Amino acid sequence: MTDLRQTTGAPGSHILGVGAYEPRRVVDNAELCAWIDSSDEWIRQRTGIVERRWAGEDESLLAMTATAGRRALAHAGMAPTDVDAVLVATVTRLAQFPALAVELAAELGCGPAAAWDVSAACAGFGYALAQADALVRAGTARHVLVVAGDRLTDLTDFHDRATAFLFADGAGAVVVGPWDRPGVGPVVWGSDGSQKDVIRQTLAWDAAVAKGQPPFITMDGQKVFKWALTDVVEVTRRAIEAAGLRPEQIDLFVPHQANDRITDAMLRQLRLPADVVVSRHIRQTGNTSSSSIPIGLARLYHDGLVAPGATCLMVGFGAGLVFAGQVAVLP
Amino acid sequence: MATATAETILSQLATIINEVVGAETSTISPESSFSDDLGVDSLSMVEIIYAAEDSFGITIPEEESKNLRTVGNAVAHIERALADA
């Protein structure tokens, strides 16, 4: 039998740079309540959302992810040509193929980098980050651009008073490269397809075409809330343990921004130290699906809340149901 | 939990309600209405039910949780569930 050579990678991987893009148009609750029967007070009380950002026609998924990707590369001090894999987490690419990542790699000038999309809804960033970490540690890639972007408003029923105020648009990115020790902890991830209908698209595309109706996102908010309180909290705890840390060693907590009330409830269960900085940007951004975690990271940098070497706990959870939690050391 | 009385259940449940919505435990009585007196909305109710299930080691089915209008209703349900366990 012939022996094959294989690559060997770095002992660990590390996030080298962070970037995000938030759409220009800010829509507050009062504007939204012009066409749904709700109120600013009710929306704030039930979700924490004060305003959200909706993409305009020129803020396509490609445009938003490209800006986020460029910002992450600039933050890392790297050239696009240094990147040899591009991963895009999205569930709102309205074309089946080619993958957005391929178009993005060309747009950014990443040359012939391997490029593919990851479909894991609001856990997509965590799924893609886990893949990037594994690629770098295996030596399959040296520098990976991990981008998450969604335009949930393309699939939002603006007249559904249960969801219209939640969903929004945005993109975020990180650059992952080799390190002499683990800078991205083990991912604790998984899926529960028995709950596929809890958050779903009302019509598959073939049915939508046949009926001449657009599909929308619909969900059972209370089921999501209970799931977040039980299973997702457990996943978050296990992500801390998997990284070999104790809760008091966590500096920053960036949960997926599904609802500020979910964040409150998770914090009551997790009992993280009182001085942990917690992302709550849903109040200004709405729920941006896959991009909420990297947007949270970029906002923490913007607000000067990240000390170099800070440990950041992240957990994404959403349609599938799917979940992914991990701890990373930030640059 | 053979020794759990309505009084100890009420006290434990009041602590949970206080943690979730901040209502003072001293103001929580069996007559308190979750929505009208304690400011518990449907999301807070989900959290309270889950915390009660966890803390008492019981399950409260979703269809039954919808009928729990007062704290006393919840205490009675928990008491029955513990007796059946």
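Residues numbered from 1 in each chain as written. Chains lettered and ligands numbered in written order. Predicted model: local features only at pLDDT ≥ 70, side-chain atom pairs only at ≥ 80, totals over all residues.

Draft legend 1. Highlighting the interface of chain A and chain B. The partner chain B presents 6 residues to the 9 residues of chain A that form the contact. Of all elements in the fold, only helix 7 (221-242) and helix 8 (260-270) of chain A reach the threshold of two or more residues within the side of chain A that touches chain B. By residue number, the principal contributor to the side of chain A that touches chain B is helix 7 of chain A, which donates 5 residues. Looking at the side of chain A that touches chain B residue by residue, the class counts come to 3 nonpolar, 2 polar and 4 charged. (Contact = placed C-beta atoms within 7 Å. Helix = DSSP H or I, 4+ residues; strand = E, 2+ residues; numbered from the N terminus. Nonpolar A, V, L, I, M, F, W, Y, C, P; charged D, E, K, R; others polar.)

Draft legend 2. Main features of helix 5 (residues 124-138) of chain A. Residue and element names in this part refer to chain A. Between its terminal C-alpha atoms helix 5 stretches 21 Å, which fits the 21 Å expected from 15 residues at 1.5 Å a residue. Among the 15 residues of helix 5, 12 are classified as buried, and the element is accordingly described as predominantly covered. Buried within helix 5 are the following residues: Gly124, Phe125, Gly126, Tyr127, Ala128, Leu129, Ala130, Gln131, Ala132, Asp133, Leu135 and Val136. (Expected span 1.5 Å × (residues − 1). Buried ≥ 20, exposed ≤ 12 C-beta atoms within 10 Å, placed from the backbone.)

Draft legend 3. Up close: the sheet that holds strand 1 (residues 12-21) of chain A. Residues and elements named next belong to chain A. Strand order in the open sheet made by the 5 strands is 1-7-6-4-5, with mixed pairing throughout. Each edge of the open sheet is held by one strand with a lone partner, namely strand 1 and strand 5 (114-118). The mean inter-strand angle of the sheet, taken between neighbouring strand axes irrespective of direction, is 20°. Across 9 bridges, the pairing between strand 1 and strand 7 (residues 169-179) is antiparallel. What sits directly across from Tyr21, in strand 7, is Ala171. (Pairing = 2+ DSSP bridges. Axes fitted to C-alpha atoms, helices over the stretch in contact; angles between N-to-C directions.)

Draft legend 4. Fine view of the nonpolar core. Residue and element names in this part refer to chain A. Formed by 132 residues in total, the largest nonpolar core has its most connected members in Val86, Leu87, Val146 and Val176. By residue number, the principal contributor to this core is helix 7, which donates 10 residues. The contact partners of Leu87, leaving out residues within four places of it in the chain, are Ala101, Trp116, Val118, Ala128, Gln131, Ala132, Val144, Val146 and Val147. (Core = buried A, V, L, I, M, F, W, Y, C linked by C-beta atoms within 7 Å.)

Draft legend 5. Local environment of helix 4 (residues 100-108) of chain A. Residue and element names in this part refer to chain A. All of the buried residues along helix 4 are Leu100, Ala101, Leu104, Ala105 and Leu108. The buried residues of helix 4 occupy one face: seen down the axis, they fall within an arc of 135°. For helix 4, the elements touching its buried residues are helix 3 (61-76), strand 4 (85-89), strand 5 and strand 6 (144-151). Just past helix 4, the residue Gly109 takes up positive phi, approximately 80°. (Arc of directions from axis to C-beta.)

Draft legend 6. Inspection of the pairing of strand 13 (residues 311-318) of chain A at higher detail. All names here are of chain A. Counting buried residues along strand 13, 7 of its 8 residues qualify, which places the element largely inside the surrounding structure. Bridge count between strand 11 (residues 252-255) and strand 13: 4 bridges; the pairing is parallel. Considered in strand 13, the bridge of Pro255 is made with Val315. With 8 bridges connecting them, strand 13 and strand 14 (residues 322-329) associate as antiparallel partners. What sits directly across from Gly318, in strand 14, is Val322. With antiparallel pairing between neighbouring strands as the criterion, strand 13 and strand 14 make up a hairpin whose turn holds 3 residues, including Gly320 at a positive phi of roughly 155°.

Draft legend 7. Structural detail: the confidence of the model for chain B. Within chain B, residue pLDDT values average 89, and 95% of them lie at 70 or more. Complex prediction metrics read pTM 0.92 and ipTM 0.78. (pLDDT = per-residue confidence, 0-100.)

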